[in-house]
Amino acid sequence: MSAPGLAIAFDGIVKRFGPVAVLHGVSFGLEPGKVYGLLGENGAGKSTLMKILAGYESPSEGRVLIGGKPVAFAGSRDAEAQGIVLIHQEFNLADDLSIAGNIFLGHERRKGLFLDEAAMRAEAAAVLAQVGLERPADTPVRQLIVAEKQLVEIAKALSRRARLLIMDEPTATLTPSEVARLFGLIARLREDGVTIVYISHKLDEVERITDEVVVMRDGRLVGRAPTASLSRHAMATMMVGREIADLFPAKAPFDAEAPDAPAALAVAGFTVPGWAQDVSFAVRPGEILGFAGLVGAGRTELFEGILGLRPGAGDVRLGGRPVALRSIAEATRQGLSYLSEDRKGKGLHVDFPLAPNLTLMALERYARPLLDHGAERAALVRAVEAFGIRTGSLSVRAAALSGGNQQKLALAKVLHPEPRVLVLDEPTRGVDVGAKREIYFLIAELARKGLAVVVISSELIELIGLAHRVAVMRAGRLVATVEGAEMTEETMIAHATGTRHDAA
Amino acid sequence: MTQPETRAAAGHDGAPDVEPGRGASGPSAVEHLSRLGPLIGLIVLCAIGAGLNSDFATLDNALNVLTRTAFIGIIAVGMCFVIILGGIDLSVGSMAALIAGCVIMFINWAAGALGSPLLAVVAGTGLAVVLGAVFGLAQGVLIAKGRIEPFIVTLGTLGIYRAYLTYFADGGALTLENALSDLYAPVYYGHLFGVPLPVLAFLVVAIIGAVILNKTAYGRHVQAIGSNETVARYAAVDVERVKILTYMLMGVCVGIATLFYVPRLGSASPTTGLLWELEAIAAVIVGGAALKGGHGSIAGTVIGAILLSVISNILNLTSLISVYLNAAVQGFVIIIVAFMQKGRR
């Protein structure tokens, strides 16, 4: 890998999807052989910009220059030919092929008509040694753990002679020791002159590994600075665009005076095989309980188990009454609502208009016995008002709303059956800062009205700003519940990753 | 179908949330046009038919076409629910044949056993509906609880039903006894206010179907599951129950269609109901339903069924294309419409 890194420049990049611009004229340059931290909230435009650089999207306006010369990629293969490789958040690996098969997928070595398996295995073994993955090259990818798949992705990039490597949240699923190994690899690649763009929400990692920080917000470049000159607080403030404190409502003290009153939701000794072991917690009316943990710590799976979406067992009580929930339908009848983290896959019918989305979970209220379309529309008018859903017309499809407004609609939908307990999984994923703030205020207001709220989130700032207490999960176990002065990023990360580095 | 306006209006695919332009203003002119498409097609076809043969545009011929549409039309109403649900039922033709055979055997036996031919015929019509419901229930349970692809389940039952009919008929035909056949005949040949009974039944089934689809929670749930099953499940919809009910409804429609079909010929043979599934599915698709589920309309289905009958009628009345190619026309229509739906994404 002695090829020099690439000098990249973005010149006035604009990207529109239909009438909506997600990038508004982004211009900056990247020097060869440096590690850049690309920061920005969800929806800031980082991913779109990097997809343009890697040839997956083409800009609506503006140019990408490599070494001063403008380039136009027709696809990711063109970009790869120039040495630019994007490692996706979701891996693009074919589970049934071997490691070598994946590394050479689409670039197979041939000997005449046939595949040259031996050459591919040997080359694959060489790049695997480089990334430090001790697995035979003919191992099926299915047998690898997530961290190993990550290394295969990087090995694949190296085999394409990558001179600029884009890593999107590469540590989301890694343990601390695996992270340390990845950072070692990044340092070696930098020494070889490879340019690296490192996208992450974890400011401590950005601080550790990057030379320079580039911050985007709402489709614009808002700042760049040498990493050493910035504190984490300064990075976060640049990302959010305002002091973090303004983002959250003041926490209302909830009524903890009556400890004898039954919890709205009490879970004891709940186990979801393979995901969660022996988890116990309780949330009282008016309380916001946060759930923190790494990706794969089992938070979503725990609640899917409690809701009967996957096999699980344990003691679940709603308002003191023991219940055994077998489906979401039953949970909804018992006063427990769940908002999925996957808005488009599980949350909303994007092809449906707004009103049927809103009323779907409480449709029996509108059937007398025939559906009353007028009443549904009236309910939509009230929800649009109460949740601040911004839409041009009331008869659009849900797909026509922006991410933030979709999320507000999804929130209105799960609240429509009038639950007493609300479980929100990543309630602000893919939502801009303005909508985030509105959603935080909505959640706080719901709690003030006596709803018990559970918020699962990967954004620690969100949990610190919103929750009364935060439960931290690691590898399927609830390892700590922090509150008050203990609710700091450092404490929660320490619990989430384990103080010892051998934790899985 | 490649223009952006059409794509936006059709909106068949889950649009990414970065495209708020999609369907930003209610149903557009293009969308109205695409809804009217089948009706316009029907009118154009009728004009062509009238031009080609003077016998086409007569009341007699119109009632004849509608009467023959009734069987497929009633089945297509059930098929419309199944397709909106995101499923498919390939077995309806075979199911109709087996139900017809069972009803004939039952009436022949019951006329003697019950001592009342009229009672036997009435009970026979009831049996048709009950058998349809039972067959539909079995298929629904296999699909919803057994988690087998509807394509596979109904492909299997397609073979099973027809084989059992052939077995009961010993390779030949099952025939109603003459006296019973005469007694049953008015159900097909009778009129009310000048309208043939099968046409009235078609109308009633279609109206009830439209009300169920658009004005009940169950109908909304069918659309929700077809649009995105996971979202529906997470929105507390009892997906399995809705699926089973839908295949039962399909079976009941087949039963109703069969009870009107039996008196037409008074017999059932291994060729009874052959390729009805093709015509029923084609009617639903021509009527504007999305093949991948999520939306469709009963009115469109009714028009689609009539449209296919009119094509077949024109082939009969003219020598333009051999009448033997009727099923081929339906096959081409189904593929072309499916291709156009793909193009809209």
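These notes cover the structure that comes with them.

Moving on: the overall build of chain A. When helices and strands are counted, chain A shows 18 helices and 22 strands. Whereas a compact globule of 504 residues would reach a radius of gyration of roughly 23 Å, chain A reaches 24 Å, a difference of no more than 12%. Along the three orthogonal principal directions, the C-alpha set of chain A runs to about 70 × 50 × 50 Å. Within chain A, buried positions represent 46% of all 504 residues.

Turning our attention to the overall build of chain B. A count of helices and strands for chain B gives 15 helices and four strands. Put simply, chain B has 345 residues, and 50% of those count as buried. Long-range pairs, those at least 24 residues apart, make up 78% of the contacts in chain B between residues at least 6 apart in sequence.

Listed as buried for helix α18 (residues 489-497) of chain A are M492, H495, A496 and T497 of chain A. Immediately beyond the C-terminal end of α18 of chain A, within one or two residues, lies G498 of chain A, with a positive phi of roughly 85 degrees.

Residue and element names in this part refer to chain A. Relative to the helices and strands, V206 is located in helix α7 (residues 203-209). Judged by the 22 C-beta atoms lying within 10 Å of it, V206 falls in the buried class. When the C-alpha atoms of V206 and G37 are compared, they prove to be 5.9 Å apart, with 169 residues separating the residues in sequence. In contact with V206, not counting residues within four places along its chain, are G37, L39, Y198, S200, V213, T227 and M235.

In this section: helix α6 (residues 150-168) of chain B. The terminal C-alpha atoms of α6 of chain B, which comprises 19 residues, lie 26 Å apart, in line with the 27 Å expected from a rise of 1.5 Å per residue. For α6 of chain B, the secondary structure elements touched by its buried residues are α4 (92-114), α5 (117-144) and β4 (267-268) of chain B.

Turning our attention to the sheet that holds strand β4 (residues 61-66) of chain A. Strand-to-strand pairing in sheets goes through backbone hydrogen bonds, with the strands running parallel or antiparallel. All names here are of chain A. Overall, antiparallel pairing links the four strands, which are arranged β2-β1-β4-β5 in an open sheet. Whereas interior strands pair on both sides, the edge strands pair on one side only; in this sheet they are β2 (20-30) and β5 (69-71). Here the strands of the sheet are splayed against their neighbours by 30 degrees on average, with no regard to which way each runs. For strand β1 (residues 8-17) and β2, the ladder comprises eight bridges, and the chain directions are antiparallel. Pairing of K15 across the sheet is with L23, part of β2. Contacting β1, β2 and β4, helix α1 (residues 46-53) crosses the sheet at an angle of about 115 degrees to β1.

Moving on, we get to the pairing of strand β19 (residues 421-425) of chain A. Residues and elements named next belong to chain A. The element β19 is extensively covered by neighbouring structure, given that five of its five residues are classed as buried. Alternating positions in β19 separate into two faces, V421, V423 and D425 on one and L422 and L424 on the other, with burial throughout. With four bridges joining them, strand β18 (residues 336-339) and β19 adopt parallel strand pairing. Counterpart to L339 in the pairing with β19 is L424.

All names here are of chain A. Here the amide bond leading from R368 into P369 is cis, since omega sits at -20 degrees, within 30 degrees of zero. Within the element layout of this structure, P369 appears in the loop between α13 (354-359) and α14 (373-387). A positive phi angle is found at E426, which is not glycine, with a value near 50 degrees. Within the secondary structure, E426 sits in the loop between β19 and α16 (433-448).

Now for the sheet that holds strand β11 (residues 212-217) of chain A. All names here are of chain A. Taken together, six strands build an open sheet; the order of strands is β6-β9-β10-β3-β11-β12 and the sheet is mixed. Single-partner strands in this sheet number two, and they are β6 (84-87) and β12 (220-226). Ignoring strand direction, the axes of neighbouring strands in this sheet form an average angle of 20 degrees. Examined bridge by bridge, strand β3 (residues 35-39) and strand β10 (residues 195-199) share four bridges and lie parallel to one another. Pairing of L38 across the sheet is with I199, part of β10. Sheet strands in contact with α1 are β3, β6, β9 (164-168), β10 and β11, and its direction is about 150 degrees off that of β9.

Now for the nonpolar core. Ranked by internal contacts, the top residues of the largest apolar core, which has 184 residues, are V455 of chain A together with I75, M79 and C253 of chain B. Setting aside its immediate chain neighbours within four residues, I75 of chain B contacts V92, C253, V254, A257, W276 and A280 of chain B. In this structure, V35, V85, A100 and L182 of chain A belong to the second largest nonpolar core, which totals 69 residues.

We now examine the packing of helix α10 (residues 217-227) of chain B against helix α12 (residues 239-265) of chain B. Residue and element names in this part refer to chain B. Viewed as axis vectors pointing N to C, α10 and α12 meet at an angle of 105 degrees, and their least axial separation amounts to 10 Å. As judged from the angle between their axes, α10 and α12 are roughly perpendicular. Facing Y218, H221, V222 and I225 of α10, the residues of α12 in contact are V239, V242, L245 and T246. Classifying every residue of the contact of α10 with α12 by side-chain character gives six nonpolar, two polar and no charged.

Cut-off values and rules
Numbers given to residues run from 1 along each chain, matching the order in which its sequence is written. Chain labels run from A onward and ligand labels from 1 onward, assigned in the order the entries are written. A pLDDT threshold of at least 70 governs which residues receive local features in this predicted model, and a stricter bar of 80 or more applies before side-chain atom pairs are shown or counted, although totals over entire chains, interfaces and linings include all residues. Going along the chain from the N terminus, every DSSP run of H or I of four or more residues is numbered as a helix, and every run of E of two or more is numbered as a strand. Throughout, the radius of gyration refers to the C-alpha atoms, and the reference size of a globule is 2.2 Å times the residue count to the power 0.38. For every residue, the other C-beta atoms within 10 Å of its own C-beta are counted; 20 or more classify it as buried, 12 or fewer as exposed, and values in between as partly exposed. C-beta atoms are placed from the backbone. Each residue gets a C-beta atom placed from its backbone, and two residues are in contact if those atoms lie within 7 Å. Any helix carries an expected span of 1.5 Å times its number of residues minus one. Only when DSSP finds a minimum of two bridges between them are two strands counted as paired. Orientation is described by axes fitted as lines to C-alpha atoms, over the contacting stretch for helices, and by angles from 0 to 180 degrees between their N-to-C directions. Remark: nonpolar core denotes a set of buried Ala, Val, Leu, Ile, Met, Phe, Trp, Tyr and Cys residues whose joining runs through C-beta atoms within 7 Å. Small angles under 35 degrees read as roughly parallel and large ones over 145 as roughly antiparallel, with 65 to 115 read as roughly perpendicular and the rest as oblique. Residue type decides the class: Asp, Glu, Lys and Arg count as charged, Ala, Val, Leu, Ile, Met, Phe, Trp, Tyr, Cys and Pro as nonpolar, and the leftover types, Gly among them, as polar.

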